[in-house]
Amino acid sequence: MAKLNLRKNKKTSDIKVKKKLDLSYFKLNRNSIKTKLIIFVCIMSLVVVLLLAFVNYFSLSTGVKSTVNQMITPITTEAASDVSVKISMLKTKTDTAFQKTLCSDNIGASKGALSYLKYMFNEYKLNVKDFAMFKMGDFFIGSDRFNAENAEALKDLEVYQTAKSKGIAITEPIPYEDGSGSEFIIAVSGSSSVTSYVLVAYYDAQILSDIVNSVQFSENSTAYIINSEGTMIASNDIDNVINAVNHNSLAESDSSYAEIANIQTLAMSGESGSESIVVNGVKSRVAYAPIDGSNWSLILVGPESDFDGTLKTTTTIIVVFSVVLVIAAFICTFIIMNGVVNPIIGVTARLKALSDGDLSADTPVIKQKNEVGVLSESLAATVASLRTYIEQISEALGKIAEGNLAFEMDGEFRGDFVKIKESFNAILSQLRKTFGRISESANTVTVGASQVASGSRRCGTSVRGCQRSIEPYGKHRRTYLRFCQVRFGYGSPCCRYQGADRLLQPRNDEDAGFDGGYLQVLRTDLRYYPCYR
């Protein structure tokens, strides 16, 4: 018996594509795995990047602030020492010029002493505005501003008394009466032989401000000096000195000065350090340190932006690095999608086409050694198997439709599909048996029909013989009819024979009678033997 074998020798990946898959159904939408993965990766990337940026910025900011504090305090202390040195140099130059004058030969005469003292001021580049020299407590020489009368008031000044006892002293700037500026005094004392002298020299307060102007701890920083009461005695802005600005006093009526007032209080107590506060609405760094040899303090103020240069640069680097990370995350996302999501989308599209009854489209085969590869290969094998099964069943049904039952379905059926082959072959076997029995019955019927036909032919021959024998006895047709009914039964071939029917037609009333004598003749007549045998 022929066997139907449709096993495929081709690999699943070699099956020709008959039509392209329609992936329009799987365009990007908010419910697709592709969209969710993109959103998830983007959100996670942004969260991680922002978190790293925040942590780095916070750590860097804290480090920068700590570094700034560690750097600024020593810088301010060094600047205060530098201011102290410059003020000391000014006092020292003033004392040196005075002492050299006392040692000169011109000290004995007032005019000679005056000329020599001015010479020494120029020699040491001392911008002395006015001066007065006292000899043994009496006015000796001086500038045009002083004479014997008004110079007497100088002896009552504290700076005069301090110089007499300690050798040198300096005052804070003293504003002019007209408010046009201020000046400070340096007083020194000395002796020539047994004669004592005291020099009182007046300097423009701008000299102290010039010293302060040379002090900076950042590009846009400013500096000023305060006395023991918090009043500015030197500043980048001379108007603050002229107006004797005092933040501690201002803080009593304006709370916006409270922070700077607190810092100045620490400075006046002899402490040094730095803090970040708001000054005139600007976030600023304020550093403070005492000035040696005086009860003054140096205050430095600079905007925080001056110290954020490194922080800004680092922040820019962090931002750029974060952007690079985000871009890398996007690239990784698309790589992952190409390696995982896109194959899954292709497999999903193939499954949808399979659910619609499409077995002709190609199945994407992903050559990956992971679950995605197993999924793709399994789907391809499933589609190929279903295609083979359907082709085998279709061909088998076609043979049955052509009337061919002399075959069996063969081929590789796996798993539960084996039952399909077994059931189909069982159906074919049962059909063959059924049609075999039908064929045998048909042969039997054919033989019986042949026998019936042969008997009918013999009966017809007998009837024709009876017809010829009874034709002379036409008038006794009723006797013949009864004879047929008795011997052959009503409706027998003998009675239906057309010759007999013609003989049976009554000719007259006399013929309608029954004559028993003719019956005996019929029985004994050998010519009618076939009819009643």
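Report on the accompanying structure. Please read these numbers as outputs of a predicted model, since none were measured by experiment.

Considering all chains together, one arrives at seven aromatic pairs under this definition. Taking the centre distance of 6.2 Å and the plane angle of 80 degrees together, the rings of F134 and F139 count as edge-to-face. For F134, a relative accessible area of 1% translates into the label buried. Residue class for F139 comes out partly exposed when judged on its relative accessible area of 22%. Taken together, the ring pairs in this structure connect F134, F139 and Y160 into an aromatic cluster. Here the guanidinium or amino end of K135 rests over the ring plane of F140, the centre of that ring lying 5.3 Å away. If you follow R145 out to its NZ or CZ, it ends over the ring of Y202, 4.5 Å from the centre.

Next up on the list: the sheet that holds strand β11 (residues 282-290). As summarised here, the arrangement of the five strands in space is β9-β8-β12-β11-β10, forming an open sheet in which the pairing is antiparallel. Edge strands, defined here as strands with exactly one partner in the open sheet, are β9 (232-235) and β10 (273-279). Within this sheet the neighbouring strands show an average axis-to-axis angle of 25 degrees, counted without direction. Bridge count for β11 against strand β12 (residues 297-303) is seven bridges, and the pairing is antiparallel. Its bridge partner being in β12, A289 is matched across the sheet by L298.

Relative to β11, β10 runs antiparallel, the two being bridged by seven bridges. Counterpart to E275 in the pairing with β11 is V286. Connecting the antiparallel pair β10 and β11 is a turn made up of two residues, with N280 showing a positive phi of about 55 degrees. In this structure, the hairpin formed by β11 and β12 is closed by a connection of six residues, where G293 is found at a positive phi of approximately 80 degrees.

So, on to the pattern of salt bridges. What the rule picks out here adds up to seven salt bridges. Of the charged contacts in the structure, one is a salt bridge between D130 and R145, with a shortest N-O distance of 3.4 Å. Taken together, the residues span a long stretch of sequence, with D130 in strand β2 (residues 128-135) and R145 in the loop between β3 (138-142) and α3 (158-166) at a distance of 15 residues. D130 gets classed as buried once you look at its relative accessible area, which sits at 15%. Put simply, K129, D130, R145 and E183 are held in one network by salt bridges that share partners.

On to a nonpolar patch on the surface. The grouping of V319, V323, I327, I331 and I335 at the surface amounts to a nonpolar patch, some 450 Å² of accessible area in total. Looking at where V323 falls in the secondary structure, it is placed in helix α8 (residues 309-355). For V323, a relative accessible area of 44% gives the class partly exposed.

Along a regular strand, successive side chains alternate from one face of the sheet to the other. In this structure, strand β8 (residues 222-226) lies alongside β9, joined through three bridges in antiparallel fashion. The residue bridging I225 from the neighbouring strand is A234, located in β9. A loop of five residues connects β8 with β9, the two strands running antiparallel in sequence, and G230 in this loop sits at a positive phi of about 90 degrees.

Attention shifts here to the side chain of S235. Structurally, the position occupied by S235 is in strand β9. Polar contacts involving the side chain of S235 include one to the main-chain amide nitrogen of D237, which spans 3.1 Å. Apart from the residues within four sequence positions on either side, S235 is in contact with S209, V212, N213, A223, Y224, N240 and V241.

We note that K125 has phi near 55 degrees; this positive angle belongs to a residue other than glycine. Its location among the elements puts K125 in the loop between α2 (110-123) and β2. In this model, N280 sits at a positive phi of 55 degrees, which is unusual for a non-glycine residue. Along the chain, the position of N280 falls in the loop between β10 and β11.

Quick notes on the rules
Residues numbered from 1 in each chain as written. Predicted model: local features only at pLDDT ≥ 70, side-chain atom pairs only at ≥ 80, totals over all residues. Heavy atoms only, no water. Phe/Tyr/Trp six-rings, centres within 6.5 Å; stacked < 30°, edge-to-face > 60°. Buried < 20%, exposed > 50% of the residue type's maximum accessible area, 1.4 Å probe, protein only. Lys NZ or Arg CZ within 6 Å of the ring centre and 35° of its normal. Pairing = 2+ DSSP bridges. Helix = DSSP H or I, 4+ residues; strand = E, 2+ residues; numbered from the N terminus. Axes fitted to C-alpha atoms, helices over the stretch in contact; angles between N-to-C directions. Salt bridge = Lys/Arg side-chain N within 4 Å of Asp/Glu carboxyl O. Patch = residues over 30% accessible without salt bridge, like charges linked within 9 Å, V, L, I, M, F, W, Y side chains within 5 Å. Areas by Shrake-Rupley, 256 points an atom, 1.4 Å probe, with all protein chains shown as cover. Polar contact = N/O pair within 3.5 Å; in protein donor to acceptor, adjacent residues only side chain to side chain. Contact = heavy atoms within 4.5 Å.

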